[in-house]
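One-letter residues, chain by chain:
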Amino acid sequence: MSQRIKITDFMAPELDVYARLTENQLLNRAHPEEGMFIAESPKVIERALDAGCIPVSLLMETKHAQGEAKEMIERCGDIPVYTAEFDVLTKLTGFALTRGALCAMYRPKLQEPEHMEAHTDFYTKEAAEDYLVFGPHEEAWYALARWFLQENDMQKQEKIRKLLHAPYTRYEGEPISRAVALALYGRHPYGSITRLERFAACAYAHFLQYGLKLTERETSAFESVDMGNIYHTALERYSRKLEQSEYDWFVVPDAVRRQMAENAMQEAIAGYPGMAVCDTAENAYQRKRMLAIFDQTVWALTRQVRAGQFVPEKFEVTFDELEGKESLEYRLSHDVTMRLEGRIDRLDTFEDENKISIKVIDYKSGNTKFDLIRVYRGLQLQLVVYMDAAMEMLRGQHPKKEILPGGILYYHIDDPVLESDTPLSDEEAEQALLFALRPDGLVNSGEEIYRAMDQNFEGKSQMIPVEIKKNGEISTARSKVASTEEFAVITRYVEHEIRQCGEAIYAGNIAVNPYRSDIETSCTYCPYASVCGMDAKIPGYEYRQFASMKKEEVLDQMQTELARNRGKEEQSDEMDEGTAERH
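As a starting point, this report considers the structure included with it.

What counts as what
- Residues numbered from 1 in each chain as written.
- Predicted model: local features only at pLDDT ≥ 70, side-chain atom pairs only at ≥ 80, totals over all residues.
- Heavy atoms only, no water.
- Helix = DSSP H or I, 4+ residues; strand = E, 2+ residues; numbered from the N terminus.
- Buried < 20%, exposed > 50% of the residue type's maximum accessible area, 1.4 Å probe, protein only.
- Contact = heavy atoms within 4.5 Å.
- Areas by Shrake-Rupley, 256 points an atom, 1.4 Å probe, with all protein chains shown as cover.
- Pairing = 2+ DSSP bridges.
- Phe/Tyr/Trp six-rings, centres within 6.5 Å; stacked < 30°, edge-to-face > 60°.
- Lys NZ or Arg CZ within 6 Å of the ring centre and 35° of its normal.
- Axes fitted to C-alpha atoms, helices over the stretch in contact; angles between N-to-C directions.
- Salt bridge = Lys/Arg side-chain N within 4 Å of Asp/Glu carboxyl O.
- Parallel < 35°, antiparallel > 145°, perpendicular 65-115°, else oblique.
- Left-handed = near helix turned anticlockwise from the far one by under 90°.

Next up on the list: the overall build of the protein chain. When its secondary structure is counted, the protein chain shows 22 helices and 16 strands. Burial status across the protein chain gives 44% buried among its 583 residues. Pairs at least 24 residues apart make up 73% of the contacts formed inside the protein chain by residues separated by at least 6 positions. Taken as a whole, the protein chain presents about 31,700 Å² of accessible surface, with 48% of it coming from carbon and sulfur.

As structure tokens, then:
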């Protein structure tokens, strides 16, 4: 029968193992057979008991001793069980005892073999070490472990100890406390949308990047991110030059367009920090290629604008420039408010007497594709947030007009290879190139709106991800479209997802929880792969599986979660009202 002892004296010597002894002192390297270790959580304690470890004492919350840990306590036999409330245990151990229980234990007594030579299955030390990890705990296992632990080399001995611990290793994913989260992130953080997408991909990667502020080693190489930054700057400069000239996107002559594009690119390259693109022949070639790609990009963007009635209005708009910023602020608790920051690459509008439709375009130098499933999972929030912010701005500027979402699109800055089984004429090659450079994203399914992006197309549009069937209806299977009502659902869901991410960050979630979909995992290009220790073979480490879904299924899931969240909020409001009435 165990002895229940309520903790009254922090300095009692029997509590030293939990509060004051170091790991080295517990191991007792001079006499390893007398060494102890601390098993944490009921599951680990149970596994240690199964392996023959000998319990010395237990430390746990009072409620656990009287509840879920009762069977484990009985199994430990006649040993002291020290109990206290959660706050007392936190002061004693120096950390929050989130896993319920600690147990001081001796390792199994090693059996003496008659002679080691009888065990001739191990021809190398490596084979013997493998046996320690994977072999059954029989007489040979104990004898081999003892033989290794008698090694005089402390480094080798430590290696063996790690191997002996390996079968009991388990990842638990403990959170940091709210106090630590507040100290790391502050009470009024400015958060980029990319940051929230990083958290949705893996909470631990977010913690390393934005909590501990780990960064990759800087190199002097010219990388894809540098190229993307230069393209963005050049597009902004070109747009400004065009705006200040006597022309616009619809009437600028080809020769003027080409000269403006070249000047904008040259200025962007010359002004890029630390840029020395002419130092080597390779960089000189890269510069020439970037100039050609940029000229092609401006040509394609111009053709896309001229195909419709949407007019480019604003370029490189920061959130700080927007009028009315309520949609960008999220109150996560009474003392924490998160403010989003970002930059809209291009904002186009189509206006008539009663309404204004908005098209948001984000330039990408990488191969980013719009995926509604990624929006649902919190991995692709950017365009939806940009649209919401832009619509709020225009509502403030035009209070008497209806503001509609026209489309959210990625334009991929690229030099695509055109494939054809037969030779192409110049006109055919041009049409094929326009189709290859067609923006990807989500377009409003209203005919007036998508026709304002590409007025005269039949079948497949070369300008937007829309295809029309012979009867004039949209081919939903071959188009990326959503109704105005569906855009509203997506926007509300993204707002909900942002709030959920923010609350989880301040709740201390730093779990190693990468995702895996049919085509990728969040670990593939993660710069922190060497830090996190993610290993699917270790219990507790696992991928979140993201299954593919159809658009209708994604929207249904979004609406379900929004409804569930409304129910929780209403229930919370009712409880608050009831509390107020009682007072």
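For the rest of this paragraph, the subject is the pairing of strand β13 (residues 440-444). Here β13 lies mainly inside the structure; five of its five residues are buried. Sheet topology note: the strand β12 (residues 402-412)/β13 ladder contains four bridges and is antiparallel. Within β13, the position partnered with G407 by the bridge is V443. Of the strand pairs in this sheet, β13 and strand β14 (residues 481-482) are connected by two bridges, and their pairing is parallel. Across the sheet, residue V443 finds its bridge partner in β14, namely V481.

Moving on, we get to the packing of aromatic side chains. Each aromatic ring pair is characterised by the separation of its centres together with the angle its planes make. Across all of its chains, the model carries 11 aromatic pairs by this definition. Linked through ring pairs, Y238, W249 and F315 together constitute an aromatic cluster. Positioned over the ring face of W249 is R346, at 5.6 Å from the centre of the ring. Above the plane of the ring of F457 lies R451, whose end atom (NZ or CZ) is 4.5 Å from the centre.

Before going further, it helps to examine the sheet that holds strand β2 (residues 36-40). With respect to topology, five strands assemble into an open sheet ordered β1-β4-β3-β5-β2, the strand pairing being mixed. Both edges of this open sheet fall to β1 (3-6) and β2, since each of them pairs with a single strand only. Here the strands of the sheet are splayed against their neighbours by 20 degrees on average, with no regard to which way each runs. Across five bridges, the pairing between β2 and strand β5 (residues 101-106) is antiparallel. Each residue of the ladder has a partner; that of I38, found in β5, is A104.

Judged by how many residues are buried, helix α11 (residues 193-201) sits mostly within the fold: seven of nine residues are covered. Restricting attention to buried positions, one finds in α11 the residues I193, R195, L196, E197, F199, A200 and A201.

This brings us to unusual backbone geometry. Positive phi outside glycine occurs at S41, with the angle close to 90 degrees. Note on placement: S41 falls in the loop between β2 and α3 (42-50). One non-glycine residue, K213, lies in positive phi territory at about 60 degrees. For K213, the location among the structural elements is in the loop between α12 (203-211) and α13 (224-244). Classification of K213 as exposed rests on a relative accessible area of 54%.

Ordered in space as β6-β9-β8, the three strands form an open sheet in which the pairing is mixed. With one partner strand each, in any of the chains shown, β6 (190-192) and β8 (329-333) form the two edges of the open sheet. Geometrically, the sheet is characterised by an average inter-axis angle of 35 degrees between neighbouring strands, direction not taken into account. Sheet topology places β8 next to strand β9 (residues 336-341); four bridges connect them, and they run antiparallel. Considered in β9, the bridge of S333 is made with V336. Contacts from helix α20 (residues 484-506) reach β8 and β9 within the one sheet, and its direction differs from that of β8 by about 45 degrees.

Attention shifts here to the pattern of salt bridges. Taken as a whole, this structure holds 23 salt bridges when the rule is applied. Taking the shortest distance from any N to any O, the salt bridge between D335 and R187 comes out at 2.4 Å. With D335 in the loop between β8 and β9 and R187 in the loop between α10 (178-185) and β6, this residue pair connects regions lying 148 residues apart in the sequence. Exposure remark for D335: the relative accessible area of 19% places this residue in the buried category. Accessibility expressed as a relative area gives 41% for R187, which makes it partly exposed. Linking K355 and D352 is a salt bridge whose minimum nitrogen-to-oxygen distance equals 3.0 Å.

Where helix α17 (residues 382-397) contacts α20, the axes come no closer than 10 Å and their chain directions differ by 110 degrees. What the angle tells us is that α17 and α20 run roughly perpendicular. Relative to α20, α17 is oriented so that their crossing is left-handed. Facing α17, whose interface residues are V384, V385 and D388, α20 presents I490, T491, V494, E495 and I498.

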